[in-house]
Amino acid sequence: MHDIFPLPAGRTLDICLKLHSAILEHRLAPGIKLSEDEVGEIYGVSRTVVRAALQALAHSGMVTIEKNRGAFVARPTIREAHEVFEARALIEPRIARMTAQAVSEADLVRLQAHIDAEHEALAAGDMGKALSLSGQFHTEIADIANHQILANMVRSLISRSSLIIALYWKRADTACESHSHHALLKSFAEHNGEAAEEIQKSHIIDLHSGLDLRDRLDKTNSLAEALT
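Residues numbered from 1 in each chain as written. Predicted model: local features only at pLDDT ≥ 70, side-chain atom pairs only at ≥ 80, totals over all residues. Heavy atoms only, no water.

### Description of the overall build of the protein
- In terms of helices and strands, the protein carries ten helices and two strands.
- Seen in sequence order, the protein has helices and strands lined up from the N terminus as α-α-α-β-β-α-α-α-α-α-α-α.
- Within the protein, buried positions represent 48% of all 228 residues.
- For the protein, the proportion of contacts with a sequence separation of at least 24, taken over those separated by at least 6, is 78%.
- When the accessible area of the protein is evaluated, it comes to approximately 11,000 Å², of which 51% is carbon and sulfur surface. (Helix = DSSP H or I, 4+ residues; strand = E, 2+ residues; numbered from the N terminus. Buried < 20%, exposed > 50% of the residue type's maximum accessible area, 1.4 Å probe, protein only. Contact = heavy atoms within 4.5 Å. Areas by Shrake-Rupley, 256 points an atom, 1.4 Å probe, with all protein chains shown as cover.)

### A closer look at the nonpolar core
- Within the largest apolar cluster, 34 residues are counted, with the highest numbers of intra-cluster contacts made by Ile95 and Phe188.
- When contributions to this core are tallied by element, the ones reaching two or more residues are helix 4 (78-102), helix 5 (105-123), helix 6 (127-145), helix 7 (148-168), helix 8 (178-189) and helix 9 (193-209).
- Other than its neighbours up to four places away in sequence, Phe188 contacts Ala96, Thr99, Ala100, Val103, Leu108, Leu111, Ile141 and Ala196.
- By size, the runner-up hydrophobic cluster in this structure holds 27 residues, among which are Ala22, Ile23, Ala53 and Ala56. (Core = buried A, V, L, I, M, F, W, Y, C linked by side-chain atoms within 4.5 Å.)

### Some details on helix 7
- The first and last C-alpha atoms of helix 7 sit 30 Å apart over 21 residues, in line with the 30 Å expected at 1.5 Å per residue.
- Among the 21 residues in helix 7, 16 count as buried, and that is most of the element. (Expected span 1.5 Å × (residues − 1).)

### Observations regarding the pattern of salt bridges
- A full pass over the atoms with the stated rule returns 13 salt bridges.
- Between Asp143 and Arg155 there is a salt bridge, with its nearest N and O atoms 2.8 Å apart. Residue Asp143 is found in helix 6, and its partner Arg155 is found in helix 7; the two are separated by twelve residues along the sequence.
- Judged by relative accessible area, which is 7%, Arg155 ranks as buried.
- Taken together, the shared-partner salt bridges connect Glu36, Asp37, Arg47 and Arg51 into one network. (Salt bridge = Lys/Arg side-chain N within 4 Å of Asp/Glu carboxyl O.)

### Things to note about the pairing of strand 1 (residues 63-66)
- Examined bridge by bridge, strand 1 and strand 2 (residues 70-73) share four bridges and lie antiparallel to one another. Bridge assignment links Ile65 to a residue of strand 2, and that residue is Ala71.
- Counting the residues that bridge the hairpin from strand 1 to strand 2 gives three residues, and of these Asn68 lies at a positive phi of roughly 65°. (Pairing = 2+ DSSP bridges.)

### Comments concerning the packing of helix 4 against helix 7
- Packing of helix 4 against helix 7 leaves a shortest axis separation of 9 Å and a crossing angle of 140°. When the axis of helix 4 is compared with that of helix 7, the two are oblique. In terms of crossing hand, the pair formed by helix 4 and helix 7 is left-handed. In this structure, helix 4 contributes Ile78, Glu80, Ala81, Val84, Phe85, Ala87, Arg88, Ile91, Glu92, Ile95 and Met98 to the contact, and helix 7 contributes Leu150, Met153, Val154, Leu157, Ile158, Arg160, Ser161, Ile164 and Tyr168. (Axes fitted to C-alpha atoms, helices over the stretch in contact; angles between N-to-C directions. Parallel < 35°, antiparallel > 145°, perpendicular 65-115°, else oblique. Left-handed = near helix turned anticlockwise from the far one by under 90°.)

As structure tokens, this is what we get:
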């Protein structure tokens, strides 16, 4: 979440990060209301702190704040879903090519750790955590490319993708097919920018096609169930 927008400080930052993680890990579903009183009670903070955290999340597009109604986890439209994955298909392949040229041995070790952690989450049946780790894998690739503007764009797109997947996924492997990440890692290790670009492009297209982009209503947990 850092670098997308200026972060708050202190307790507000803590609440902001907790809510952000709950959204990315799909414990808070798109559309759920984020009551200032209830969030404050759950975390033992004032409404002022919660309000500041929600405003920061709204700035990033993770939360929407409606006049006289309150704050809600953002609920991307079908059009937004298409546009996000179209943008990812344009940006991330180019970043993958750049990463293949810039990657170090330490970077490769860190990326492998992301893949291993994702597999552990999947084996444990924690799909929300696996999805969050998968997104982190993509943002890590952008960081290695060492292009701050593109990295910030990827962070924003990955956050929106998480909400889209929570609403519209239709198959269990939509999180990120393990073979795609392994193939990317191999191309990075070989410093093969052309292969990395093609693998990433195909990967994003596969993710897009794995979504069931139709209107639906989803059952959601209560705030207390999601945040505790």
